Amino acid sequence: MSRRSLHSPAPDAATLRARIDRARSATADAATDALLIGPGTDLRYLIGQAGGSFERLSVLLVPATDAAPTLVLPALEAPGFADVPTDELGVEVVTWVDGEDPYRIVADRLGNPGRVAVSDTMAALHVMRLRDAVAGAEQTLAGPVLRNLRMCKDAAELAALRRAAEAIDRVHARMGEWLRPWRCEDEVAADIAEAIVEEGHTHADFVIVGSGPNSASPHHDVSDRVIDPDDVVVVDIGGPVPEGYNSDSTRTYIFRTPHPEVAEAYEVLQRAQEAAVRAVRPGVTAHEVDAAARDILTEAGLGELFIHRTGHGIGLDVHEEPYIMPGNDLPLQPGMVFSIEPGIYRPDGEWGWGARIEDIVVVTADGVEPLNTRPHHLTMLPYYGDE
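What you see is a predicted model; the values in this text were computed from it and never measured.

### As for the packing of helix H9 (residues 260–279) against helix H10 (residues 286–299)
Turning to step 1, where the next piece is worked out: Direction vectors running N to C along H9 and H10 enclose 160°, while the axes themselves pass 8 Å from each other. What the angle tells us is that H9 and H10 run roughly antiparallel. Considering only the axes of H9 and H10, their crossing is right-handed. On H10, the residues that touch Val268, Leu269, Arg271, Ala272, Ala275, Ala276 and Ala279 of H9 are Val289, Ala292, Ala293, Ile296 and Leu297.
Turning to step 2, where the next piece is worked out: Split by residue class, the contact of H9 with H10 holds eleven nonpolar, no polar and one charged.

### Looking at the sheet that holds strand S7 (residues 206–211)
Turning to step 1, where the next piece is worked out: The strand order S7-S8-S9-S17 describes an open sheet built from four strands, whose pairing is mixed. Edge positions in the open sheet fall to S7 and strand S17 (379–380), since each of these has one partner strand only.
Turning to step 2, where the next piece is worked out: Bridge analysis of S7 against strand S8 (residues 233–238) gives six bridges, and the strand direction is antiparallel. In the strand pairing of S8, Phe206 is matched with Gly238.

### Observations regarding the packing of aromatic side chains
Turning to step 1, where the next piece is worked out: Taken as a whole and judged by the stated rule, the model has zero aromatic pairs.
Turning to step 2, where the next piece is worked out: If you follow Arg19 out to its NZ or CZ, it ends over the ring of Tyr45, 4.2 Å from the centre.
Turning to step 3, where the next piece is worked out: Lying over the aromatic face of Phe306, Arg294 brings its terminal NZ or CZ to 4.1 Å of the ring centre.

### Section: H9
Turning to step 1, where the next piece is worked out: Here H9 contains 20 residues, and its C-alpha end-to-end distance of 29 Å stays within 8% of the 28 Å for a straight helix at 1.5 Å per residue.
Turning to step 2, where the next piece is worked out: Considered for burial, the residues of H9 that qualify are Val262, Ala265, Tyr266, Val268, Leu269, Ala272, Gln273, Ala275, Ala276, Val277 and Ala279.

### What about the packing of helix H4 (residues 102–110) against helix H5 (residues 124–133)?
Turning to step 1, where the next piece is worked out: In contact at an axis separation of 9 Å, H4 and H5 are set at 50° when each is read in the N-to-C sense. Here H4 is positioned oblique relative to H5, judged by the angle of their axes. Note on packing geometry: the crossing formed by H4 with H5 is right-handed. Of the residues in H5, those touching H4 at Tyr103, Arg104, Val106 and Ala107 are Leu125, His126, Arg129, Leu130 and Ala133.
Turning to step 2, where the next piece is worked out: Classifying every residue of the contact of H4 with H5 gives six nonpolar, one polar and two charged.

### What about the sheet that holds strand S4 (residues 92–96)?
Across a sheet, strands are paired by hydrogen bonds formed along the backbone, either parallel or antiparallel in direction.
Turning to step 1, where the next piece is worked out: Read from one edge of the open sheet, six strands run S4-S3-S2-S1-S5-S6, paired in mixed fashion. Since the sheet does not close on itself, it has two edges, and those belong to S4 and strand S6 (138–141), each with one partner. Each strand of the sheet is rotated relative to its neighbour by a mean of 25°, with strand direction disregarded.
Turning to step 2, where the next piece is worked out: Pairing between strand S5 (residues 115–118) and S6: four bridges, direction parallel. Within the sheet, the bridge partner assigned to Val116 lies in S6 and is Gln139.
Turning to step 3, where the next piece is worked out: Against the sheet, H4 touches strand S1 (34–37), strand S2 (59–63), strand S3 (70–74), S4 and S5, its axis set at about 150° to S4.

### Overview of the pairing of S1
Turning to step 1, where the next piece is worked out: Of the two faces of S1, both are covered, the one formed by Ala34 and Leu36 as well as the one formed by Leu35 and Ile37.
Turning to step 2, where the next piece is worked out: Where S1 meets S5, three bridges bridge the pair, whose relative direction is parallel. From the neighbouring strand, Leu36 faces S5, where its bridge partner is Val118.
Turning to step 3, where the next piece is worked out: Relative to S2, S1 runs antiparallel, the two sharing four bridges. Within S2, the position partnered with Leu36 by the bridge is Leu61.

### Quick look at unusual backbone geometry
Turning to step 1, where the next piece is worked out: Going from Glu321 to Pro322, the amide bond is cis rather than trans, its omega being 10°.
Turning to step 2, where the next piece is worked out: Checked against the element boundaries, Pro322 lands in strand S11 (residues 320–324).
Turning to step 3, where the next piece is worked out: Although it is not a glycine, Ala31 adopts a positive phi angle of roughly 55°.
Turning to step 4, where the next piece is worked out: Here Ala31 is to be found in the loop between helix H1 (13–29) and S1.
Turning to step 5, where the next piece is worked out: Its identity as a non-glycine residue notwithstanding, Trp182 has a phi of 75°, on the positive side.
Turning to step 6, where the next piece is worked out: Structurally, Trp182 can be placed in the loop between helix H7 (155–173) and helix H8 (185–198).
Turning to step 7, where the next piece is worked out: We classify Trp182 as partly exposed; its relative accessible area is 34%.

### Topic: the pattern of salt bridges
Turning to step 1, where the next piece is worked out: Overall, the coordinates contain 28 salt bridges when judged by the stated rule.
Turning to step 2, where the next piece is worked out: Arg183 serves as the salt-bridge partner of Asp191, at 2.9 Å between the closest nitrogen and oxygen.
Turning to step 3, where the next piece is worked out: The partly exposed category is assigned to Asp191, whose relative accessible area is 22%.
Turning to step 4, where the next piece is worked out: With a closest N to O distance of 2.7 Å, Arg251 and Asp359 form a salt bridge. In this pair, Arg251 sits in strand S9 (residues 249–254) while Asp359 sits in strand S15 (residues 359–363), placing the two residues 108 residues apart along the sequence.
Turning to step 5, where the next piece is worked out: Look at Asp359 and you get buried, because its relative accessible area is 2%.

Cut-offs and rules
Residues numbered from 1 in each chain as written. Predicted model: local features only at pLDDT ≥ 70, side-chain atom pairs only at ≥ 80, totals over all residues. Heavy atoms only, no water. Axes fitted to C-alpha atoms, helices over the stretch in contact; angles between N-to-C directions. Helix = DSSP H or I, 4+ residues; strand = E, 2+ residues; numbered from the N terminus. Parallel < 35°, antiparallel > 145°, perpendicular 65-115°, else oblique. Left-handed = near helix turned anticlockwise from the far one by under 90°. Contact = heavy atoms within 4.5 Å. Nonpolar A, V, L, I, M, F, W, Y, C, P; charged D, E, K, R; others polar. Pairing = 2+ DSSP bridges. Phe/Tyr/Trp six-rings, centres within 6.5 Å; stacked < 30°, edge-to-face > 60°. Lys NZ or Arg CZ within 6 Å of the ring centre and 35° of its normal. Expected span 1.5 Å × (residues − 1). Buried < 20%, exposed > 50% of the residue type's maximum accessible area, 1.4 Å probe, protein only. Salt bridge = Lys/Arg side-chain N within 4 Å of Asp/Glu carboxyl O.

Shown next as structure tokens:
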């Protein structure tokens, strides 16, 4: 784990205290006795620092009662949490050293719970040993308890997400500096990663440069393939700003007049993406937003080429709830933030191609606010002939 996440800007103590109090109430509402939150974004959400997931147990115990939360840490990791305002948060810190049993420390603090919820991403090493230590307690996931807290962003979170979106838009605006025929995808990606940092991110979390047939693979990374002037190129990029909140934006690029099939399909894709954005408002379900895009593509005979959900929530994680997908009847609420990113993918050997348009949007009190503002059209970059 990168140590940069330990000392990034954190919300003020009052904000963190309110989050812990809401988590406590949500735990009680879920008929659960305590949360056991290991290192990761749930921990960062609650106390402002993420910690690291290693073989030694670090865990925040949040009881459903009024008892004080407890942060159990290896003594050698405690300095990394020195910036956490534990006194103001009412969090007791308990450290342990090698040779002691941290799982027994947690069990003793819990007493005799009937049900505990552990972090969704906690390592199995710790989950299994906590299960043994807290004998008789039912183990469930903490995600369902915390998701309603994390899905609806507060003003500070929204401000950080706006900064992230503006920063990644600036990178897309500079794409012509690096994306050119006769360069390899990995060369272009290295330049983009540097620009992501230059424009305000702490690091590049992902850089997808899919050219030609690679553009037909939604989660293609990069390769040593040489970009051809006739290629369609999908560029999907993002990363966190110092507050930990992420950007994620995709645009599709060309260098020459596209084949008529590509141009016609892309026009439909653009209409589908815009329709899904327009569908966003409080009370509409995630399923209905997905359908707004999917129905347009299906009517045009392109539905089978749209092989993933329309979007995903974003915040401290690049992918988090809500998921904008078929069958998700979750009603949208103000403050929810997620991507709208329909795509079409036609794999056909060396002649394959794909395209995707992705913006991050916020559900407002009466509609939607797109955070990304770069043009949606099939962007033609300068091309000066063979090199």
